[in-house]
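# Analysis of the macromolecular model
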Amino acid sequence: METAATPPAHPSAHSSADPPVRPTEPAATLRAPAAGPAAEPAAEPVPAAGPALVTEPVPVAQPAPSATPATSVPPPAPATDPVTEPAIDPVTDLVPAPAIEPVPAPDPLPGPEPVTDPAPRTAPTAPPAPVVLPTPAEVPAGAPEPQLALELLVHGVGGTTPEEMLGDPRVTRITGDDTAACYRRTDDADAEQRPGEHRTGPVREAYCWSNLTSGNGARALWLILLPFMVANLAHWMRPAAPPGHRAQRLYDLLVRLLALTLTVLLAAAACEVALDLTAWQCAGTPACAAGKSWMGFLNPAGGGWWSAPGRRLVLASVLPLAVIGFLWWLSHRTWSAYESASPPPRRPGSSRDTPAHERTALGLDGFWYGRRLVARLRAAHTAAGVLTVAAALLVASLRADRRTGATALTAAGQALTALVVLLAAATLTVVWRTARSEAARDEESDRATVRALPYAALAALALTAGYAAWARPAAASRGPLPGVAAFGGIAVLQGALVLALAVTAWFLQRAARDDARTALRGLGGPAVALLACGVAGVLSGGVAQRFADWIDGPATPGQDHAPIPGPPVLLSWQASVLPALLVVVAAVAVLAGIRVLAVRRQVAKDIPGLYDPRERPDVLRTGRIAGTIARAGLTDAAPVLVAAIAAVTLVLGAGAVAGAWLTDRAPGRATEGAPPFVHAAAETAESLGSWLMGAGVILLLTMGRRAYRDHSARRTIGILWDVGTFWPRAAHPFAPPCYAERAVPDLTWRMATWTERYDGRLVLSGHSQGSVLAAAAVWQLDLVTRSRVALLTYGSPLERLYGRWFPAFFGPPALTGLHREMDDWRNLWRFTDPIGGPIRLTCDDGRAIDEGPLRDPLTFGRTLLSPLPAQILGHGDYQADPVFGRVRAELIARLGPGAPGRCVNGPADQGSSGRSSA
């Protein structure tokens, strides 16, 4: 488990002498800032035209401490005004006292690991002075018209409204539709026609994409697609080996095959409920069918036409076929809506100065345009599901014919078996050959064989249904449905694929560069793939267990004197391992709690030193800030939890398969001759695990029903998909759709067309997940557009989450290449942020991309300018920090000389950039 996180000194927000550090491992110490005279608050300017805005004075933040005291940059002097008044001290309300010497740093404490720069650094230089755009009166006569500046805001996870992003209840849609669109304040809708009125700051425009993930109630149905989404994530988690490494294609193939087994498992689970438990076991047992009027026409005692076992199975096969058809329809519907975006007007470009190993696939021409690949995979997975239903019908009927010696029927069954096997081989071939290629847009039409594959599978199912419905007077349904042992075969196959995937990932990791920050040493993909199999097993087993308990009445399926045998024994063994898995999770949670308490105690000692020493210490306030920092550091320990769950799942899953095959009995009955303690533990685990499986399914259905009715709950569920559905559907076509395949082209089109039409400068401002979309959009820009765009990220998981878990696409080389392509990039972060973190890169001239860690909260206690306790912002409201406005102004000034500015010795106007989503 990773070590406790203790934050070091907050480097000055105005200095980049040293790269920032983050709370991951012990190595540094919090230090106190150098106090000085308080600056008079600067009032926010009012636009030259338009309705009057109510403004309030914006306090100038105290300078944050430097990470290296010897090279600290002194805070800038306050801005000068034509009329000067004695400054009021915000702490004591007195005339400012002489400057206070910096408080000596406390003894070093364990802190986070130092940040290492992947690129060589030069001597640090002081940051440029803040830039203020000239007012109309300051522009010399005959000077060229200043270029208009645009700040394009992109919100983060959870979604938000354009009114919240722009801080104005009156907004106007500029371009887009109800799903995703760009909005502005109504007063700024025609800003391009009035550029002279927007010289004091950029025009703010909000790109709102929340409806892509949490727009309507139908998206609550995506909860059943959770295993498919997790398996699709494993495809993108491969280590950052060189592009030409031979193991990459093998890795992708193994993930696609594993995803195919999940579709087969889903179809088998539906067959277990409909064909085995309902049509074969319960309908064929008078004690179970009694009292169920809806099952009366299936009861063999009635002698109806549908009472024959084969015909009951054919009728019941409608349910699994409907499930597969629903998944096909959902995938096709979202495929048409999400993956039909038009490519950007100009192809993405890359500078010749960017080395090949620093060029990520996200900058390739066809990365976000793999529409036909999803169609091919959808055809293959649909065929696999239909063939699974056909196999369930075929196995039961063929075994009955062999027992009775029906030669003609046996020959027909064998011919159908050969047809099903042939179509299964064709399905595997399609999956094998459907490899994703990002180098070019996938616009090739599918071959006739691919398009015809699902229809051929349906034809085989129809022939099998006719064969199964043939009259067999001597046929009877006893015991479980033949072929239920396939659940064990699927589990073994999935385990073998995961192990092969782990070996392949290990070889790729050995060839990777800059792998120090990679999660689980490159084994994150296999671990996540195993979790996808585990989640699928819990959902399928939970549905079967709960349905068997319901249909069997007061009896317990599988036990002595029960009317029906119940679900396969393997499902009972898999349910029995859930309590042990929860014990491991609880143990990891306890260790995490201990870690939080330890870090909180260490950090609390240095919190007061980050603020003005004249403020009165507050123990409760200090503990609250330290606790927030400690809890935020738990994000860096996520690999430990994933590794623990994956390892225990693999071991317990293998034990469950072995126990089911060796005993062919449920755990409670299999341990009847064992010592009393062992027998009691097995019975308890079996009962508790069965209940937990069913409870998990019920909880999932309850959340889906609530999300369908409640908009707020629907947004909460949408947050779950904002991270998991960023990536295209490369491994499983039934996974939730990729919203980035709509959002990234939207942003690319907007930046390219606006900069070309108005010859302006643009700051792409992304918060949280919006920063990931922003980076992906920048990679897709052509060189001309990129030269007019600056990138501002805050609360960004680019390095902390995406760089560690998806190293082949967001690792240090890829982020270094992004910075090389666009030098105008700044990133804001805080220790209290559980999601965002530093990028850990340094500019060629020695300036760090990272601005931070920012002080949070902005004030420690109550002051004249902040009479109420300031909120601990954590992951939100980065625009509330004065550093945000200064950095944004610097980026605009660096984009070009079109709008001359003047340097001042005070902080630039912060402006208002709305609120970022949480």
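Definitions and limits used
Residues numbered from 1 in each chain as written. Predicted model: local features only at pLDDT ≥ 70, side-chain atom pairs only at ≥ 80, totals over all residues. Heavy atoms only, no water. Helix = DSSP H or I, 4+ residues; strand = E, 2+ residues; numbered from the N terminus. Contact = heavy atoms within 4.5 Å. Areas by Shrake-Rupley, 256 points an atom, 1.4 Å probe, with all protein chains shown as cover. Salt bridge = Lys/Arg side-chain N within 4 Å of Asp/Glu carboxyl O. Buried < 20%, exposed > 50% of the residue type's maximum accessible area, 1.4 Å probe, protein only. Axes fitted to C-alpha atoms, helices over the stretch in contact; angles between N-to-C directions. Parallel < 35°, antiparallel > 145°, perpendicular 65-115°, else oblique. Left-handed = near helix turned anticlockwise from the far one by under 90°. Nonpolar A, V, L, I, M, F, W, Y, C, P; charged D, E, K, R; others polar. Patch = residues over 30% accessible without salt bridge, like charges linked within 9 Å, V, L, I, M, F, W, Y side chains within 5 Å. Pairing = 2+ DSSP bridges. Phe/Tyr/Trp six-rings, centres within 6.5 Å; stacked < 30°, edge-to-face > 60°. Lys NZ or Arg CZ within 6 Å of the ring centre and 35° of its normal. Core = buried A, V, L, I, M, F, W, Y, C linked by side-chain atoms within 4.5 Å. Expected span 1.5 Å × (residues − 1). Disulfide = S-S within 2.5 Å. Lys, Arg positive; Asp, Glu negative; His and termini not counted. Charge placed at Lys NZ, Arg CZ, Asp CG, Glu CD.

Another point: the overall build of the protein chain. Each helix and strand in the protein chain was counted, giving 26 helices and 12 strands. A separation of at least 24 residues holds for 81% of the contacts in the protein chain among residues at least 6 apart in sequence. Carbon and sulfur atoms form 63% of the exposed surface of the protein chain, whose accessible area is close to 38200 Å².

This structure, assessed with the given rule, holds 27 salt bridges. For Arg184, the salt bridge is made with Glu205, and the minimal N-O distance between the two is 2.7 Å. Of this pair, Arg184 sits in strand E6 (residues 181-185) while Glu205 sits in strand E7 (residues 203-208); the two residues are 21 residues apart in sequence, bridging distant segments of the chain. We classify Arg184 as buried; its relative accessible area is 0%. Given a relative accessible area of 0%, Glu205 falls into the buried group. For Asp190, the salt bridge identified is with Arg194, shortest N-O distance 2.9 Å. The network of salt bridges with shared partners includes Asp168, Arg170, Arg185, Asp187 and Asp188.

A separate point is the packing of helix H8 (residues 371-404) against helix H10 (residues 448-468). Axis separation between H8 and H10 bottoms out at 8 Å; the angle between their running directions is 15°. If you check the angle between H8 and H10, you find them roughly parallel. For H8 against H10, the interelement crossing comes out left-handed. Partitioned by chemical class, the residues of the contact of H8 with H10 number 19 nonpolar, three polar and two charged.

Further remarks concern a nonpolar patch on the surface. A cluster of nonpolar side chains, Phe297, Trp305, Trp306, Leu315 and Val318, forms an exposed patch at the surface whose accessible area comes to about 490 Å². Structurally, Leu315 is set in helix H6 (residues 309-316). In this structure Leu315 comes out as partly exposed when scored by relative accessible area, which is 31%.

Right, let's get into the pairing of strand E8 (residues 761-767). For E8, the buried fraction is high: seven of the seven residues fall into the buried class. Bridge count between strand E4 (residues 149-154) and E8: six bridges; the pairing is parallel. Bridging across to E8, Val154 finds its partner in Gly766. Where E8 and strand E9 (residues 789-794) come together, six bridges link them in parallel fashion. Within E9, the residue paired with Leu764 across the bridge is Leu791.

Let's shift gears to the side chain of Thr748. Topologically, Thr748 is positioned in helix H20 (residues 740-758). In this structure Thr748 comes out as buried when scored by relative accessible area, which is 2%. Setting aside its immediate chain neighbours within four residues, Thr748 contacts Pro344, Ala777, Gln780 and Leu781.

As summarised here, the arrangement of the eight strands in space is E5-E6-E7-E4-E8-E9-E10-E11, forming an open sheet in which the pairing is mixed. The sheet is open, and its two edges are formed by strand E5 (171-176) and strand E11 (850-851), each paired on a single side. On top of the sheet, H20 reaches E4, E5, E6, E7, E8 and E9; it is set at about 175° to E4, its chief contact.

Right, let's talk about the packing of aromatic side chains for a bit. The final tally for this structure, using the stated rule, is 28 aromatic pairs. With 6.3 Å between their ring centres and 40° between their planes, Trp727 and Tyr802 make a pair best called tilted. Taken as a pair, Trp727 in the loop between helix H19 (711-724) and H20 and Tyr802 in helix H23 (residues 798-805) lie far apart in primary sequence, 75 residues in all. Just as Trp727 is buried, Tyr802 falls in that class too. What links up through ring pairs into an aromatic cluster is the set Trp209, Trp236, Phe367, Trp368, Phe726, Trp727, Tyr739, Trp779, Tyr802, Phe806, Phe809 and Phe810. One residue, Arg311, lies across the ring of Trp305, its end atom 3.9 Å from the ring centre. The side chain of Arg472 reaches across the aromatic face of Tyr467, ending 4.8 Å from its centre.

This brings us to the environment of Leu508. By the secondary structure assignment, Leu508 is in helix H11 (residues 486-510). Judged by its relative accessible area of 0%, Leu508 falls in the buried class. Sequence separation between Leu508 and Pro239 is 269 residues, and the spatial gap between their C-alpha atoms is 5.8 Å. Here Leu508 is in contact with Arg238, Pro239, Ala241, His245, Ala247, Gln248 and Tyr251, once residues within four sequence places are set aside.

The subject of this paragraph is the nonpolar core. Ranked by size, the top nonpolar core spans 147 residues in total, and within it Trp368, Phe726, Trp727, Leu764, Leu773 and Phe810 carry the most contacts. In this structure Leu773 touches Val154, Trp209, Phe726, Tyr739, Ala740, Ala743, Val744 and Leu747, once residues within four positions along its chain are discounted. Leu153, Val171, Ala181 and Leu891 belong to the second largest nonpolar core, which has 22 residues in total.

Turning our eyes to something else, we now look at helix H9 (residues 407-433). Here H9 contains 27 residues, and its C-alpha end-to-end distance of 39 Å stays within 8% of the 39 Å for a straight helix at 1.5 Å per residue. Listing the buried residues of H9 in full gives Leu409, Thr410, Gly413, Leu416, Val420, Leu423, Thr427, Val430 and Val431. On its buried face, H9 sits against helix H4 (247-282), H8 and H10.

In the structure shown here, the tally under the stated rule is one disulfide. Between the sulfur of Cys282 and that of Cys288 lies a disulfide, 2.0 Å long from S to S. An S-S torsion of about -95° defines the bridge between Cys282 and Cys288 as left-handed. Just as Cys282 is buried, Cys288 falls in that class too. Counting only cysteine sulfurs, Cys208 is the nearest neighbor of Cys182, a cysteine outside any disulfide, at a range of 9.8 Å.

This part is about H23. Extensive coverage of H23 is indicated by the burial of seven of its eight residues. Among the residues of H23, Leu798, Glu799, Arg800, Tyr802, Gly803, Arg804 and Trp805 are the ones counted as buried.

Right, let's talk about the environment of Ser331 for a bit. Along the polypeptide, Ser331 turns up in helix H7 (residues 318-338). Each C-alpha atom, one on Ser331 and one on Arg378, is 7.4 Å from the other, the two residues being 47 residues apart in sequence. Among residues more than four places away in sequence, those in contact with Ser331 are Arg378, Arg729, Pro733 and Phe734.

Turning our attention to the packing of H7 against H8. Direction vectors running N to C along H7 and H8 enclose 175°, while the axes themselves pass 10 Å from each other. In terms of their interaxial angle, H7 and H8 are classed as roughly antiparallel. Residues Pro320, Leu321, Ile324, Trp328, Ser331, His332, Trp335 and Ser336 of H7 pack against Arg371, Arg372, Val374, Ala375, Arg378, Thr382, Gly385, Val386 and Val389 of H8. Considering only residue class, the contact of H7 with H8 consists of nine nonpolar, five polar and three charged.

With that settled, consider the environment of Arg517. Mapped onto the secondary structure, Arg517 falls in the loop between H11 and helix H12 (524-551). A sequence separation of 287 residues divides Arg517 from Arg804, and the C-alpha atoms of the two residues are 5.6 Å apart.

Now for a positive patch on the surface. Judged by side-chain charge, Arg399, Arg402, Arg403 and Arg478 come together as a positively charged surface patch. Within the secondary structure, Arg403 sits in helix H8. The exposure class of Arg403 is exposed, given its relative accessible area of 70%.

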